Every structure is written in structure tokens, then in C-alpha cells.
Amino acid sequence: MNRPRTIAVKPIITLIAIAALIVACVSAPVCAMASGQAAAAAADTIVAGDAGTRHATPVDDTDQSAGDSGQSAAPIAGPVPNVIITNFTYGDGSVPAGGKFDLGFSFQNKGSVAVQNMVISVDGGDGLTIAGGTNTFYVPQLAAGATQSQTVPMQALIDAKSGAQAVVVSFRYEYVDAGQRSSNSVDEKISVPVSQPDRFQINDPVIPDDAQNGQESTITLAYVNKGKGDISNVEATMDGKGFDTVSKTQYLGNVASGGSGTIAYAFTPTDSGDLDAKITVTYEDSDGQQKTKEFPVKLTVAEPTPAMDDTAADVQDEQPGTPVWLLPTVAAVAIVAIVVIVVLVKRHRKKKRSAMDEQWDDWQDDQDGGDKPEAQGHASDTPAADDTDRQAPTEVIAPQPGERS
């Protein structure tokens, strides 16, 4: 008995499906590449317009959607250009107060595009000023990466404080990037050291006139700060041999502008003869620089005074001093004595005058008594000697012939 033949249909269908899948996978990249080449050719097409001829910017397919495949992306602007100062000079060391100097500086455009219409201004603050001219300068254009220099005449003010003085340099400019015009400003700060002159004055030491061995003496030095800056860390030291002192080093601290004072050293000589010493004064000026001033000290030390004996000291103690009230008392007694003497002399003269007056009166009475008896006819026959002396004889002159009697 013969069996009918069976045809295997399922394996054949499976093989056909696998072959179709392989063909589809291979043909997909080829189609995508062809589509990309067509899009690139369309992008390179020249477009004519009223403003001229331009090329469209190619756009990546990954950044476009299905509906925007025919449009290009906007240009991206670069970073803002910065202008900085790369170098500056003002001279050697520090600028003295009141002194003039040239401030030179170089500036560079650190951006990727050129800057235009640049205006530069310089501000010296409170301690510096422009010494003639202007503090504003104009630069029409500065290319990307380019460098330019500028010099400004300046002067430090006479009352400027010591130390670094700030100078501000301002840059204002415009630039064009991605078809747009923008503006920017940059402030750069530099510093210029200014110093006040050192006018810290210290006078020569004042030494004692009579220094003695074993007795304490004092040396003084007067000082004054005539400068406009402060003096700091003032310290004085006395060095030498032949004397003792409580502290050889003295710290005086800071001395403000216009301040003054005195450095005093109390010392005791230990040897007689010549004494050589040195006083050193150190301080820092307004710039912080340490300064030193030295003053030699030379003086002659006398021998010590010999001590007095105890006996002489006791005798001196026993002798009382002159009381304070004695002098006024003696003066008062002398005045009273003078007054008494004057009064007694006056009284004596008065009594003497009275006695002389009485004698005169008696004499007059005697004269009057002698004349009265003669007038009454009781006169004596013999005239008295006194009457003879007192009465001059009367001379009778006879008339001459021819004259009338």
C-alpha cells in the first residue's frame, strides 16, 4: 500500500522571513546616507537677496526637527573682551611728598574681538594729583591681543600720608560681536608708595655740671617730630663704663606728628675722672625704615666729698640757728630807740632854750634897775664904769664966722 508524500511548508516560510530581514537591515544605512547627501546639496545652494549674496549656515540634522529642516541656527557671541594693565612704572624707590613723577602703564586687549572708542581716565585719590595736563585719554581702536602704553605726569601732595597710594585707571569702550554692538568698562587699580621726609629731631645731651663719684646725676635729651608722618618704636640705650643705672634701655613708643618729649637717664658714677659713654636712639620713620642716631657723652667725675667728723656735726647741731622772729624784733627795737632819742634831744634843746631866756630876762631886769635911781635924783656922784664905757662924750662944735648959729 502506497503512502502519500508530505511537503514541509513551515521551514520554507521561516527561511524567507530571515532573508527579508537581512535585506532590510542592509538597505537602511544606504538610504540614510543618500538622504544626508541630498540635504547637504540643498544647504550649499546660493540664495540671492536684496542685500547681496550670502551662504546659508549648514545645520546638523540632529539639532533640527522634522518641520524645521530648511532653517539655519543663529550665530553664538564670544566672551566679553577685557582690557587689563600689564605693566606700570613710577620711578625708583618711593615718591617723596611734594615730588613729581611720571606714571607710565601698558594695557592689553585680552578679548577675541577688537574694542573701539576707548576712553581712559586716571584718578590719584587723596594723595596724588595730575601735574599738568588732563587725566582723560582717547584710544580709537585696540585690536584683539594688542598692547598700548600711556604716560601721565603726576605729583604727590605735600600732606600725603606715607605708604602706598592707590591710583585707579578706568577703561570704557565698545565692541562688535556676532553682529551686535555692546559696551563694557573695566577699573584697574595700581599703587604708588609715597614717603614723608624724616624730620625727627633729637637735641644734644645736657650733661650735669658737677658730677661726683657715688652721687646720682641725670642726662637729658629733648626730641620733637617736625615731620607730617608718625614715628614709631622709639628706643634709647646708654652704653659705657664707669657708671651704674637702673635701666640702660628705655622704650618710648610712638611719637605722633608734632609730638615732643625728653629722654632722661639717671646714672651714678662709680669712678672718678673722665667718663665716656654713648646714647643710641633707634626708631622707624613713616615708611617703616629703621633709623639710628648716636650721641657721645663726655664728662668729668669729681672725687666724693669727705664726710664730716661726728664731733663737728654735734657742735653744729648744738649751735642754734637764727630764729626767724629775731630780725623783725631787732628792727622794731631800733625804731623805738631812734624815736626815744629824737624826743629826748628835742626836750633837751627846749630846756636849754628856756634857761637862756631866763638869763636874758634877768640881765634886762638888772639894766632897768640901774637907770631908775638916776632919773629920781639918787644917782651916785661917781659914774659907773659901765656907764662911762657905754656913754660916748658929746662934742660941741663952735660956729664958724659967716655962719648963723
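### Notes on the overall build of the protein
No. 1: A tally of regular secondary structure across the protein gives 4 helices and 19 strands.
No. 2: Considering only contacts in the protein between residues 6 or more positions apart, those separated by 24 or more positions represent 67%.
No. 3: Total accessible area on the protein is roughly 29,000 Å²; 53% of this is exposed by carbon and sulfur atoms.

### A closer look at the packing of aromatic side chains
No. 1: All chains considered together, the criterion is met by 6 aromatic pairs.
No. 2: Relative to Phe107, the ring of Phe105 lies with its centre 6.3 Å away and its plane at 45°, an arrangement referred to as tilted. Accessibility assignment for this pair places Phe105 and Phe107 in one class, buried.
No. 3: The interplanar angle of 65° and the centroid separation of 4.8 Å between the aromatic rings of Phe200 and Tyr283 together place this pair among those described as edge-to-face. Remark: Tyr283 occurs in strand β18 (residues 273-284) and Phe200 occurs in strand β12 (residues 200-202); sequence separation between them is 83 residues. Accessibility classification places Phe200 together with Tyr283 in one group, the buried group.
No. 4: Ring pairs connect the aromatic residues Phe105, Phe107 and Phe171, which therefore count as one cluster.

### Quick notes on the side chain of Asp285
No. 1: Here Asp285 lies in the loop between β18 and β19 (290-301).
No. 2: The exposure class of Asp285 is buried, given its relative accessible area of 8%.
No. 3: In this structure the side chain of Asp285 is engaged in a polar contact, spanning 3.1 Å, whose partner is the backbone nitrogen of Asp287.
No. 4: Polar side-chain contacts of Asp285 include one of 3.4 Å to the side chain of Lys291.
No. 5: Other than its neighbours up to four places away in sequence, Asp285 contacts Asp230, Ile231 and Lys291.

### Quick look at the environment of Tyr90
No. 1: Assignment of secondary structure puts Tyr90 in the loop between β3 (83-89) and β4 (95-96).
No. 2: Spatially, the C-alpha atoms of Tyr90 and Phe101 are 6.3 Å apart, while their sequence positions differ by 11 residues.
No. 3: In contact with Tyr90, other than residues within four places in its own chain, are Val95, Phe101, Asp102, Leu103, Ser191, Val192 and Pro193.

### Focus: the pattern of salt bridges
Should their charged atoms come close, side chains of opposite charge can pair.
No. 1: As enumerated under the stated definition, the model contains 4 salt bridges in all.
No. 2: With a shortest N-O distance of 3.2 Å, Glu174 and Arg181 are connected by a salt bridge.
No. 3: Lys291 is the partner of Asp285 in a salt bridge, and the nearest nitrogen-oxygen pair spans 3.4 Å.
No. 4: The class of Lys291 is partly exposed, set by a relative accessible area of 29%.

### Considerations on the pairing of strand β5 (residues 100-109)
A regular strand places its side chains on the two faces of the sheet in alternate fashion.
No. 1: Buried residues dominate β5, accounting for 8 of its 10 residues.
No. 2: Across 6 bridges, β3 lies against β5 in antiparallel orientation. Across the sheet, Asn87 pairs through a bridge with Ser106, a residue of β5.

### Considerations on the sheet that holds strand β11 (residues 180-195)
No. 1: Within the open sheet, the 5 strands sit side by side as β4-β11-β10-β6-β8. Their pairing is mixed. Looking at which strands have only one partner, the edges of the open sheet turn out to be β4 and β8 (136-142).
No. 2: Both strand β6 (residues 115-123) and strand β10 (residues 163-177) contribute to a ladder of 7 bridges, which runs antiparallel. Bridge pairing links Gln116 to Glu174 in β10.

### A look at the environment of Gln155
No. 1: Along the chain, Gln155 turns up in strand β9 (residues 147-156).
No. 2: Separated by 53 residues in sequence, Gln155 and Asp102 have C-alpha atoms that sit 8.3 Å apart.
No. 3: Once residues lying within four places of it in the same chain are set aside, the contact partners of Gln155 are Gly98, Gly99, Lys100, Phe101, Gly127, Leu128, Thr129 and Ala131.
No. 4: Only 3.1 Å separates the side chain of Gln155 from the backbone oxygen of Gly98, close enough to count as a polar contact.

### Quick notes on the confidence of the model for the protein
No. 1: Mean pLDDT for the protein: 76, with 66% of residues reaching 70 or above.
No. 2: Low confidence marks residues 30-70, where pLDDT is under 50. Its contacts with residues over four positions away, or in another chain, come to 12 contacts.
No. 3: Below pLDDT 50 for its whole length, residues 370-396 participates in 6 contacts with residues either more than four positions away or in separate chains.

### Focus: the pairing of β9
No. 1: In this sheet, β9 lies alongside β5 in antiparallel orientation, the contact comprising 9 bridges. Of the residues in β9, the one forming a bridge with Leu103 is Val152.

Rules behind the numbers
- Residues numbered from 1 in each chain as written.
- Predicted model: local features only at pLDDT ≥ 70, side-chain atom pairs only at ≥ 80, totals over all residues.
- Heavy atoms only, no water.
- Helix = DSSP H or I, 4+ residues; strand = E, 2+ residues; numbered from the N terminus.
- Contact = heavy atoms within 4.5 Å.
- Areas by Shrake-Rupley, 256 points an atom, 1.4 Å probe, with all protein chains shown as cover.
- Phe/Tyr/Trp six-rings, centres within 6.5 Å; stacked < 30°, edge-to-face > 60°.
- Buried < 20%, exposed > 50% of the residue type's maximum accessible area, 1.4 Å probe, protein only.
- Polar contact = N/O pair within 3.5 Å; in protein donor to acceptor, adjacent residues only side chain to side chain.
- Salt bridge = Lys/Arg side-chain N within 4 Å of Asp/Glu carboxyl O.
- Pairing = 2+ DSSP bridges.
- pLDDT = per-residue confidence, 0-100.

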